[in-house]
Amino acid sequence: MRSLSLMLLSGALLAGLIQPAQSQPATPSIYVVAYFEVAPANSRKIAGLLHQFAAATRKEDGNAELTALHEIGRPGRFAIVEAWRDKAAFDAHGPAMKALGDKLQPWFLAPFDPRQFTPLSIAPPPADTNLASAMWVLTHVDVFPAGKDDTAKMIPQLAEDSRKDPGAQRFDGVVQDGHPNHFHLIEAWSDRHAFEANAATDHTKAFRAKLVPFEGALYDERLYEMVK
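Keep in mind that what you see is a predicted model, and the values were worked out from it rather than measured.

Cut-offs and rules
Residues numbered from 1 in each chain as written. Predicted model: local features only at pLDDT ≥ 70, side-chain atom pairs only at ≥ 80, totals over all residues. Heavy atoms only, no water. Core = buried A, V, L, I, M, F, W, Y, C linked by side-chain atoms within 4.5 Å. Buried < 20%, exposed > 50% of the residue type's maximum accessible area, 1.4 Å probe, protein only. Helix = DSSP H or I, 4+ residues; strand = E, 2+ residues; numbered from the N terminus. Contact = heavy atoms within 4.5 Å. Salt bridge = Lys/Arg side-chain N within 4 Å of Asp/Glu carboxyl O. Pairing = 2+ DSSP bridges. Axes fitted to C-alpha atoms, helices over the stretch in contact; angles between N-to-C directions. Phe/Tyr/Trp six-rings, centres within 6.5 Å; stacked < 30°, edge-to-face > 60°. Lys NZ or Arg CZ within 6 Å of the ring centre and 35° of its normal. Parallel < 35°, antiparallel > 145°, perpendicular 65-115°, else oblique. Left-handed = near helix turned anticlockwise from the far one by under 90°. Nonpolar A, V, L, I, M, F, W, Y, C, P; charged D, E, K, R; others polar.

Asks: Please explain the nonpolar core as it appears in this structure.
Replies: Among soluble globular proteins, nonpolar side chains are generally buried collectively. One finds V141, L185, W189, F207 and L211 to be the most contacted residues of the largest nonpolar core, which totals 20 residues. Among the elements that make up this core, the one with the highest residue count is helix α4 (residues 148-162) (four residues). Beyond its immediate chain neighbours, meaning those up to four positions away, V141 contacts T151, N181, H182, F183, L185, L211 and Y219.

This is the structure:
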């Protein structure tokens, strides 16, 4: 009886009567963070366009993430966080991203400034994560070339420690493709209190203190909310 059931199931799959489950994208190999700015008066219109674009992009083959973010306290500033399975999937998305840029052109104060990254320390979010209501943090870490190896070791430890802190929704570290002394931290916290509590922990303070001698630019930390 079991063999007969398996035969019937196989036949149904071959006949197209039952659709197999869609495979999930593999672990992303490419991350992209793009920044841009518009006049604050146009921010609501731009948010609506980004919401539609994000929903459409998440359906593309090989996409693992497209998160549109709005900077807190700076209504004209936005960021887009992307993750892709591989270069082929990322390249295939290029025309859609160009079309979005063309559509936004009339409102740009500063056009897309995209940075491409490879994973350094990535982990799945906790099961109870609610990223839609989280406070997001994007931090650009720029160090002198001589400090890149030390920084590349320090960031994964910071990420591992911070993921254990109360309110941590996400804490990932990536390194810029072609610029191994440039890094990004991609964080999400349940609220501002959790973010500020993390900043005051011993492990975060120790990381910041060790980083200072290597820094080639100011620690560029910006706070966001997800575009809904």
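Asks: How do you make sense of the pattern of salt bridges when you look at a structure like this?
Replies: Side chains carrying opposite charge are able to pair once their charged atoms draw close together. This structure, assessed with the given rule, holds 13 salt bridges. In this structure, E65 and R170 form a salt bridge, with 2.7 Å as the shortest nitrogen-oxygen distance. Of this pair, E65 sits in strand β2 (residues 63-71) while R170 sits in strand β6 (residues 168-176), placing them 105 residues apart in sequence. The residues E65 and R170 share a single accessibility class, namely buried. Look at the salt bridges and you will find they share partners, linking E65, R163, R170 and D172 into a network.

Asks: Sorry, what's going on with the sheet that holds β2 here?
Replies: Within a sheet, each strand pairs with its neighbour through backbone hydrogen bonds, oriented either parallel or antiparallel. Reading around the barrel, the eight strands line up as β1-β3-β2-β8-β5-β7-β6-β4 and close back on themselves, with antiparallel pairing between neighbours. With strand direction ignored, the average angle separating the axes of adjacent strands in the sheet is 35°. In the sheet, strand β1 (residues 30-38) pairs with strand β3 (residues 77-84) via eight bridges, with the strands oriented antiparallel. Along β3, the bridge assignment pairs V33 with V81.

Asks: How should the packing of aromatic side chains be read in this particular structure?
Replies: Aromatic ring pairs are defined here through the distance separating the ring centres and the angle between the ring planes. Tallied over the full model, the rule gives five aromatic pairs. With centroids separated by 5.2 Å and ring planes inclined at 85°, the aromatic side chains of F36 and F112 adopt a geometry described as edge-to-face. With a gap of 76 residues between them, F36 in strand β1 and F112 in strand β4 (residues 108-121) connect regions that are remote in the sequence. Across the pair, exposure class does not vary: F36 and F112 are buried alike. What links up through ring pairs into an aromatic cluster is the set F36, F78, F108 and F112. Above the ring of Y35, the side-chain terminus of R222 is found at 5.7 Å from the ring centroid.

Asks: Hey, could you run me through the packing of α4 against helix α6 (residues 202-211) in this one?
Replies: Pairs of packed helices are described in terms of their axes, by the angle between the two and the distance that separates them. For the pair α4 and α6, the least separation of the axes is 10 Å and the interaxial angle reads 165°. The angle between α4 and α6 falls in the class roughly antiparallel. Crossing handedness for the pair α4 and α6: left-handed. Contacts between α4 and α6 pair T151, M154, I155, L158, D161 and S162 from the former with H203, T204, F207, K210 and L211 from the latter. Per-class residue counts for the contact of α4 with α6 are five nonpolar, four polar and two charged.

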